[in-house]
Amino acid sequence: MAAEAHSKSMTLSLIIKWGGQEFPLSALSEEDTVLDLKHSLKSLTGVLPERQKLLGLKYKGKPAENDVKLGVLKLKPNTKIMMMGTREESLEEMMAPPPENDDVINDFDIEEEVVEVENREENLAKISRRVKEYKVEILNPPREEKKLLVLDVDYTLFDHRSCAETGLELMRPYLHEFLTSAYEDYDIVIWSATSMKWIEAKMKVKPLGVIWGKYAEFYSKKNTIMFDDIGRNFLMNPQNGLKIRPFMKAHLNRDKDKELLKLSQYLKEIAKLEDLSDLNHKHWERYLSKKQGQQ
Ligand code: MG
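Residues numbered from 1 in each chain as written. Predicted model: local features only at pLDDT ≥ 70, side-chain atom pairs only at ≥ 80, totals over all residues. Heavy atoms only, no water.

With 12 residues, helix H2 (residues 34-45) should cover 16 Å at 1.5 Å per step; its first-to-last C-alpha distance of 16 Å lies within 8% of that length. All of the buried residues along H2 are Val34, Leu37, Lys38, Leu41 and Thr45. Within H2, the buried residues cover an arc of 100 degrees as seen down the axis, which keeps them to one side. Looking at the packing, one finds that the buried side of H2 touches strand E1 (11-18), strand E2 (21-29), strand E3 (53-55) and strand E6 (79-84). Backbone geometry just downstream of H2 places Gly46 in the positive-phi region, at approximately 85 degrees. (Helix = DSSP H or I, 4+ residues; strand = E, 2+ residues; numbered from the N terminus. Expected span 1.5 Å × (residues − 1). Buried < 20%, exposed > 50% of the residue type's maximum accessible area, 1.4 Å probe, protein only. Arc of directions from axis to C-beta. Contact = heavy atoms within 4.5 Å.)

Have a look at this one:
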């Protein structure tokens, strides 16, 4: 009798939190190992066991190794465990080289030495690590149902090279109006925080996957648009990039530059769409005048 009771090990119930969702697990027993748990999580979330990091699953003060049996962890029923990790497909997507012969790319000022797509594996690991470590400074938390606008600073919002008494003189015309209007439909990320520079310096591009990995519940390639004056910064996400005319020689061009004014109209127009990923932002002006003609 005693032996029988012994062989019938206790079941465990856990709740795994990942990507803003909760996954209840009840089919595990105390005899199962951490690796068994990870395999169950793979079938639920698609994240490979080796990419999973389970926070709060400790054994003797250290993260529990794969061979540790769940029974010895003395977990209370329905303990919540946070999982960090990204699906292979999402990582692939972030890191995928742009399709060949795409006319979006041909327009880019690509310099040979920066296109090191053969380092994919290494970069993949770097991004995935960075997604976990990177702390985004949230000025305003993500809002439901909003799209995402990622902005470059130098030559996009400011002419940082010209001499001036104050930053105000170097600010691109209509910047305030532009930001106010855009914020109605888009959360705004300024890609210039020092910590983001790290990624830029290492990768020579601005992979949006870093943001999508961090805020998977809110942003994806379907609702993100990025403005930059350097086309190669979109190399990882050509479909999401809009190459803005650089704002230089502020003193000469302050009265002429209407780029942000027109772009705020474009953003307003495309904000009506469910999915931005079919647009070719290269033709944004044509799109805008067509839409405005229809009104
Ligand atoms: Mg720039």
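Next comes the rest of the write-up.
Moving on to the coordination of the magnesium ion. Coordination angles at a metal have ideal targets, namely 109.5 degrees for four tetrahedral donors and 90 or 180 degrees for six octahedral donors. Only Asp152 (OD), Asp154 (O) and Asp229 (OD) from the protein reach the magnesium ion as donors, at distances of 2.1 to 2.2 Å. Read in sequence order, the donor residues for the magnesium ion give the motif D-x1-D-x74-D. Linking Asp154 in the loop between strand E7 (147-151) and helix H6 (175-185) with Asp229 in the loop between strand E9 (224-228) and strand E10 (241-243), this pair joins segments that are 75 residues apart in sequence. With relative accessibility at 28%, the residue Asp154 sits in the partly exposed group. (Donors = N, O, S within 2.8 Å, 3.2 Å for Na, K, Ca; no water.)

This part covers the sheet that holds E1. An order of E2-E1-E6-E3 is seen for the 4 strands of this open sheet, with the pairing classed as mixed. For this open sheet the edge positions go to E2 and E3, each flanked by a neighbour on one side alone. The mean inter-strand angle of the sheet, taken between neighbouring strand axes irrespective of direction, is 35 degrees. Where E1 and E6 come together, 4 bridges link them in parallel fashion. Paired with Ile15 across the strands is Lys80, a residue of E6. Contacts from H2 reach E1, E2, E3 and E6 within the one sheet, and its direction differs from that of E2 by about 135 degrees. (Pairing = 2+ DSSP bridges. Axes fitted to C-alpha atoms, helices over the stretch in contact; angles between N-to-C directions.)

What follows concerns the side chain of Asn223. In this structure, Asn223 sits in the loop between helix H8 (209-214) and E9. On the basis of relative accessibility, which here comes to 13%, the residue Asn223 falls in the buried class. In this structure the side chain of Asn223 is engaged in a polar contact, spanning 3.4 Å, whose partner is the side chain of Thr224. Each residue touching Asn223, except ones within four places of it in the same chain, is listed here: Lys146, Lys147, Leu148, Phe218 and Leu276. (Polar contact = N/O pair within 3.5 Å; in protein donor to acceptor, adjacent residues only side chain to side chain.)

A few words on the packing of aromatic side chains. Taken as a whole, this structure holds 6 aromatic pairs when the rule is applied. Centre to centre, the rings of Phe178 and Phe227 are 6.0 Å apart; their planes meet at 40 degrees, and the pair counts as tilted. Of this pair, Phe178 sits in helix H6 while Phe227 sits in strand E9; the two residues are 49 residues apart in sequence, bridging distant segments of the chain. Phe178 sits in the buried class, given a relative accessible area of 1%. Between the aromatic rings of Tyr215 and Tyr219, the centroid separation amounts to 6.1 Å while the plane-to-plane angle is 70 degrees, which identifies the pairing as edge-to-face. For the pair Tyr215 and Tyr219, a shared accessibility class is recorded, and that class is buried. Grouping aromatic residues by their ring pairs yields a cluster made of Tyr215, Phe218 and Tyr219. A cation over an aromatic ring shows up here: Arg143 above the ring of Tyr183, its NZ or CZ 3.7 Å from the ring centre. (Phe/Tyr/Trp six-rings, centres within 6.5 Å; stacked < 30°, edge-to-face > 60°. Lys NZ or Arg CZ within 6 Å of the ring centre and 35° of its normal.)

Quick look at the pattern of salt bridges now. Two side chains bearing opposite charge may form a pair once their charged atoms approach each other closely. Throughout the structure, instances matching the rule amount to 12 salt bridges. Between Asp257 and Arg172 there is a salt bridge whose closest N-O contact spans 2.9 Å. Taken together, the residues Asp257 in the loop between helix H9 (250-253) and helix H10 (259-270) and Arg172 in the loop between E7 and H6 connect sequence positions 85 residues apart. Arg172 shares its class with Asp257; the two are buried. With a closest N to O distance of 2.8 Å, Asp185 and Lys268 form a salt bridge. With Asp185 in helix H6 and Lys268 in helix H10, this pair connects stretches of sequence that are 83 residues apart. (Salt bridge = Lys/Arg side-chain N within 4 Å of Asp/Glu carboxyl O.)

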